[in-house]
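# Survey of secondary and tertiary structure
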Amino acid sequence: MFERFTRRARAVVVQARDEADRLHQPRVGTEHLLLALLHDGQSLAATVLRDAGVRIDDLRSRVEQATGPGSRALDDADAAALREIGIDLAAVVARVEESFGPGALDDPPPAPRRWPWGRRYDGSRFSPRAKKVLELALREAVRLRHNHIGTEHILLGLLREGNGLAAVTLTRAGLDLVDLRRRVLDAVRTAARPAA
Amino acid sequence: MSSATELAAAAGSTDPRVGLRAVLALRRLLDRLERVQVDNARRQGWSWQEIADALEVSKQGVHKKHAGRPAVNGTREE
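This is a predicted model, so every value here is computed, not measured. (Residues numbered from 1 in each chain as written. Chains lettered and ligands numbered in written order. Predicted model: local features only at pLDDT ≥ 70, side-chain atom pairs only at ≥ 80, totals over all residues. Heavy atoms only, no water.)

On a plain count of helices and strands, chain A comes out with 10 helices and zero strands. Ordered by position from the N terminus, the helices and strands of chain A form the series α-α-α-α-α-α-α-α-α-α. Across the 196 residues that make up chain A, the buried fraction comes to 45%. Nonlocal contacts in chain A, meaning residues at least 24 apart in sequence, comprise 65% of its contacts between residues at least 6 apart. Summing over all exposed atoms, chain A offers an accessible surface of approximately 10500 Å²; the carbon and sulfur share of this is 50%. (Helix = DSSP H or I, 4+ residues; strand = E, 2+ residues; numbered from the N terminus. Buried < 20%, exposed > 50% of the residue type's maximum accessible area, 1.4 Å probe, protein only. Contact = heavy atoms within 4.5 Å. Areas by Shrake-Rupley, 256 points an atom, 1.4 Å probe, with all protein chains shown as cover.)

Written out as structure tokens, the structure is:
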């Protein structure tokens, strides 16, 4: 599947893993793909996001907030749901971390696996949603009759997936996913048109 | 209305979305608590049989669920 990825798109996949490492998170999620898209400021996806008013530092702090220490394993929605039945998740986390150290309730890092095609792309680290986004990127490229998969297709995949932390974070930052999608498609069309 | 009453009302919410979401969150919490405690028991030298007895599950079940995972800060005898 990765043969058709442009150099920039491949770099995004690699960068997504680095973003997860940076946040000390074992899984590569849609939010890391989003941060990776913004990392390469020259890419079509980054240009569209920037034009739509997205700031990488703002987005990064939002992602860190949503996935910060203590809430890495269970997110805000879990905490709210537990509150509904009278369980204070923060108190539980605090008690466990007191005994077993910070991050004790976090998901453990995945067991290392050997991949026959080398270790450049460690698919096992990508969350099901992040994998879905890459699949959707491929589908978006096919739909647009593009032979390559670029950063813009990954962004379209993120927007189409719609439920990952990337989409949630964008929405929380006040962006409209439908409008963003339209912006990407406009940019793709403009980029395809020969310079007037 | 007291907060205890509110909580009781939420716990028995008739909206399936609220109730089921709480079940999901509880399961996520349970899975992680179980992992932490099983790791701790193994570090303290408990056998799989002892852990299984404490959890009231089969030894095979607990072994299958937890033995494949790299032990955290601990030794791995089996």
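Structure's up, so let's keep going.
Quick look at the confidence of the model for chain A now. Residue and element names in this part refer to chain A. Residues at a pLDDT of 70 or more form 86% of chain A, whose mean pLDDT is 83. Within chain A, helix α8 (residues 151–161) carries the highest mean pLDDT (95), whereas helix α4 (residues 56–66) carries the lowest (81). Long-range and interchain partners of residues 111–119, a stretch whose pLDDT sits below 50, account for seven contacts in this model, where long-range means more than four residues apart. (pLDDT = per-residue confidence, 0-100.)

Residue and element names in this part refer to chain A. Interhelical geometry of helix α3 (residues 44–51) versus α8 gives an angle of 55° and a closest axis separation of 7 Å. On the basis of their axis angle, the class for α3 and α8 is oblique. Contact residues: α3 offers L44, A45 and L49, while α8 offers T151, E152 and L155. In the contact of α3 with α8, the residues fall into four nonpolar, one polar and one charged. (Axes fitted to C-alpha atoms, helices over the stretch in contact; angles between N-to-C directions. Parallel < 35°, antiparallel > 145°, perpendicular 65-115°, else oblique. Nonpolar A, V, L, I, M, F, W, Y, C, P; charged D, E, K, R; others polar.)

On to the interface of chain B and chain A. Facing the 19 residues of chain B at the interface are 22 residues of chain A. Here chain B packs against chain A, burying approximately 1700 Å² in sum over the two surfaces, 71% of which is carbon and sulfur. The largest share of the area that chain B buries against chain A comes from L29, R32 and R35 of chain B, three residues that together contribute 29% of it. A salt bridge links R28 of chain B to D78 of chain A, with the shortest nitrogen-to-oxygen separation between them at 2.9 Å. Seen at the junction of chain B and chain A, the total is three residue pairs in polar contact (both at pLDDT 80 or more). The element contributing the most residues to the side of chain B that touches chain A is helix α2 (residues 16–43) of chain B, with 14 residues. A breakdown of the residues in the side of chain B that touches chain A according to their chemical character gives 11 nonpolar, two polar and six charged. (Buried area = accessible area lost by both parts, 1.4 Å probe. Salt bridge = Lys/Arg side-chain N within 4 Å of Asp/Glu carboxyl O. Polar contact = N/O pair within 3.5 Å; in protein donor to acceptor, adjacent residues only side chain to side chain.)

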